[in-house]
Amino acid sequence: MKVSILGAGAIAHAHAEAVNALAQHDGLEGVELAAVVDVDAARAEEFAARHGIARHGTDLHELLASGDVDVLHICTPPSLHLEQARAALTAGVHVVVEKPAVLSLAEIDAMAEAERDGADGARFTQIVQHRFGAGALRLRRLLADGVLGRPLVATCDTLWFRPPEYFDVPWRGRFDTEGGGPTLGHGIHQFDLLLSVLGEWSEVRAMAGRLARDVDTEDVSMAMVRFSSGAMASITNSLLSPRQTSALRVDTEHATVELEHLYGYDDDAWRVTAAPGHEDVLPAWADDGAAAQERVDEGRSGHLAQLVPTYRALVAGQVPPITVADARDTLELAAAIYRSAFTGETVTRGQISAGDPFYDSMGGTGAPWPPVKDVPAQEATP
């Protein structure tokens, strides 16, 4: 199975390292990182040399026409994902796309259509690596088995820091090119993990603000979410927090389960506190048991942890563990946070559909602050 990477920026290195490690895992010995494509020829060449890639170039369509690629990892700015993925799927090439998969619910529905219409059973999947660390697998299993009891209360915090110069990159901080601020581009990792644990959400109430950065999007958002199970959670997404952390806490009938990390976690990042009378949850958590066969990269979250089961599915002709529908569920929550924050209304699951401004853009009817980002000259209307 020959793999190519599109876009040789910072996140692409994580993809390359993970793909190069796949051949060490049973059933994936034939996976080969064969090509990299970037609009900057020099950057593509440097990337290829760094990761031992034989082929590099600047033209995606030339690569697809060669027939010499089975899987394409898309690591370009989010506004480019849909058309690039559509081209690959049409060519019968599987697509692994970095988050966020696309910029809107309209685009993820178009992505689903592109997958249905694609050639040779080509599949789409999105990187959501925090679902795949051993701790997350164990938490979902113990909830499903009833060991932890019902989930009741949760907090989900992405408190990161990005200095003003981070937003000097022209496509950042704009709804039309980045899709959104920390809600869509940063916190999505952590609240995607929250959704994988708590399941279907039912309603959202939120607020957002542009407090300190020269962006058109928000730089902080906060939401209260009710889930179909009755559980309630708070979600905070910030790029203004000097002591950075990514934190998840789930209080169940029988225990509190906590995770604190930054960009990835291992088993030491988890802490479990038993409720009185339910001390048996502690040995249940400590016993890796059923998770032993699922442990990848020593149980750490990360691209490799997700790509091992993903590539095993692709090699076997099966559906990857993360589907278009999974990506849509998380995007719908993001869109609901924006809609509630910008309109002041409570938003229910399924409310945002075709014809709603927030279906076509996370910016929807517009943020309650004026835009400040300059549109590059080549994008400006003559």
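Further up the page is the structure itself.
Residues numbered from 1 in each chain as written. Predicted model: local features only at pLDDT ≥ 70, side-chain atom pairs only at ≥ 80, totals over all residues. Heavy atoms only, no water.

## Brief notes about the pairing of strand E10 (residues 232-238)
For E10, a buried count of five out of seven residues is recorded, marking the element as mostly surrounded by other parts of the structure. Inspection of the sheet shows strand E7 (residues 151-161) paired to E10 by seven bridges, in the parallel sense. Across the sheet, the residue bridging to Val153 is Met232, located in E10. Summarising the sheet, strand E9 (residues 220-227) and E10 pair through seven bridges and their orientation is antiparallel. The residue bridging Met222 from the neighbouring strand is Thr236, located in E10. Linking E9 to E10, which pair antiparallel, is a turn of four residues; within it Gly230 sits at a positive phi near 100°. (Buried < 20%, exposed > 50% of the residue type's maximum accessible area, 1.4 Å probe, protein only. Helix = DSSP H or I, 4+ residues; strand = E, 2+ residues; numbered from the N terminus. Pairing = 2+ DSSP bridges.)

## Some points on the environment of Val347
Relative to the helices and strands, Val347 is located in strand E14 (residues 347-348). Val347 sits 141 residues away from Ala206 along the chain, and the two C-alpha atoms are 9.0 Å apart. Contact partners of Val347, with chain neighbours within four places excluded, come to Trp201, Ser202, Glu203, Val204, Ala336, Arg339, Ser340 and Ile352. (Contact = heavy atoms within 4.5 Å.)

## Regarding the pattern of salt bridges
Summed over all chains, the structure comprises 21 salt bridges. A salt bridge links Asp38 to Arg43, with the shortest nitrogen-to-oxygen separation between them at 3.1 Å. The class of Asp38 is buried, set by a relative accessible area of 4%. The partner of Asp329 in a salt bridge is Arg349, and the shortest N-O contact between them spans 3.3 Å. (Salt bridge = Lys/Arg side-chain N within 4 Å of Asp/Glu carboxyl O.)

## A word on the environment of Ala87
Tracing the sequence through the fold places Ala87 in helix H4 (residues 81-90). With relative accessibility at 18%, the residue Ala87 sits in the buried group. Spatially, the C-alpha atoms of Ala87 and Ala114 are 8.8 Å apart, while their sequence positions differ by 27 residues. Setting aside chain neighbours within four positions, we find Ala87 in contact with His61 and Leu64.

## A few points about the nonpolar core
One finds Ile108, Phe124, Leu194, Val204, Phe227 and Leu333 to be the most contacted residues of the largest nonpolar core, which totals 80 residues. Considering every element that reaches this core, the biggest residue donor is helix H11 (residues 324-343), with eleven residues. Residue contacts for Leu194: discarding those within four places in its chain leaves Ala154, Cys156, Gly199, Phe227, Ala233, Ile235 and Leu248. Among the nonpolar cores identified, the runner-up in size contains 26 residues, and Val3, Val36, Val96 and Ile127 belong to it. (Core = buried A, V, L, I, M, F, W, Y, C linked by side-chain atoms within 4.5 Å.)

## Remarks on the sheet that holds E9
Strand order across the open sheet formed by eight strands is E13-E12-E11-E7-E10-E9-E8-E14, with mixed pairing between neighbours. If you trace the sheet from one side to the other, it starts and ends with strand E13 (270-274) and E14, each paired once. Relative to E9, strand E8 (residues 201-209) runs antiparallel, the two being bridged by eight bridges. Its bridge partner being in E9, Ala206 is matched across the sheet by Ala223. Sheet contacts for helix H6 (residues 134-144): E7, strand E11 (240-252), strand E12 (255-261) and E13; angle to E13, the most-contacted strand, approximately 25°. (Axes fitted to C-alpha atoms, helices over the stretch in contact; angles between N-to-C directions.)

## Here's the deal with the packing of helix H1 (residues 10-22) against helix H10 (residues 303-315)
Two numbers describe how H1 lies on H10: the axes approach to 9 Å, and their chain directions differ by 50°. It follows that H1 is oblique to H10 by the angle criterion. By crossing handedness, the relation of H1 to H10 is classed as right-handed. Judged by residue contacts, Ile11, Ala14, His15, Ala18, Val19, Ala21 and Leu22 of H1 engage His303, Leu304, Leu307, Val308 and Tyr311 from H10. For the contact of H1 with H10, the class distribution of residues is ten nonpolar, two polar and no charged. (Parallel < 35°, antiparallel > 145°, perpendicular 65-115°, else oblique. Left-handed = near helix turned anticlockwise from the far one by under 90°. Nonpolar A, V, L, I, M, F, W, Y, C, P; charged D, E, K, R; others polar.)

## Concerning unusual backbone geometry
A cis amide bond links Lys99 with the next residue in sequence, Pro100, at an omega value of -20°. Within the secondary structure, Pro100 sits in the loop between strand E5 (94-97) and helix H5 (105-117). A positive phi angle, near 55°, is found at Asp297, a position not held by glycine. What makes Asp297 partly exposed here is its relative accessible area of 30%. Backbone geometry places Glu298, a non-glycine residue, at a positive phi of 60°.

## Points about the packing of H1 against helix H2 (residues 41-51)
At a minimum axis distance of 11 Å, the contact between H1 and H2 shows a crossing angle of 35°. Between H1 and H2 the crossing geometry is right-handed. Of H2, the residues touching H1 (which contributes Ala12, His13, Ala16, Glu17 and Asn20) are Phe47, Arg50 and His51. In the contact of H1 with H2, the residues fall into three nonpolar, three polar and two charged.

## Regarding the packing of aromatic side chains
Scanning the model with the defined rule gives nine aromatic pairs in all. Between Phe342 and Phe358 the ring centres are 6.4 Å apart and the planes differ by 50°, which places this aromatic pair in the tilted class. Taken as a pair, Phe342 in helix H11 and Phe358 in helix H12 (residues 357-360) lie far apart in primary sequence, 16 residues in all. Taking relative accessible area as the criterion, Phe342 reaches 12% and is therefore assigned buried. Classification of Phe358 as buried rests on a relative accessible area of 1%. Here the aromatic residues Phe175, Tyr338, Phe342, Phe358 and Trp369 are joined through ring pairs into a cluster of three or more. (Phe/Tyr/Trp six-rings, centres within 6.5 Å; stacked < 30°, edge-to-face > 60°.)

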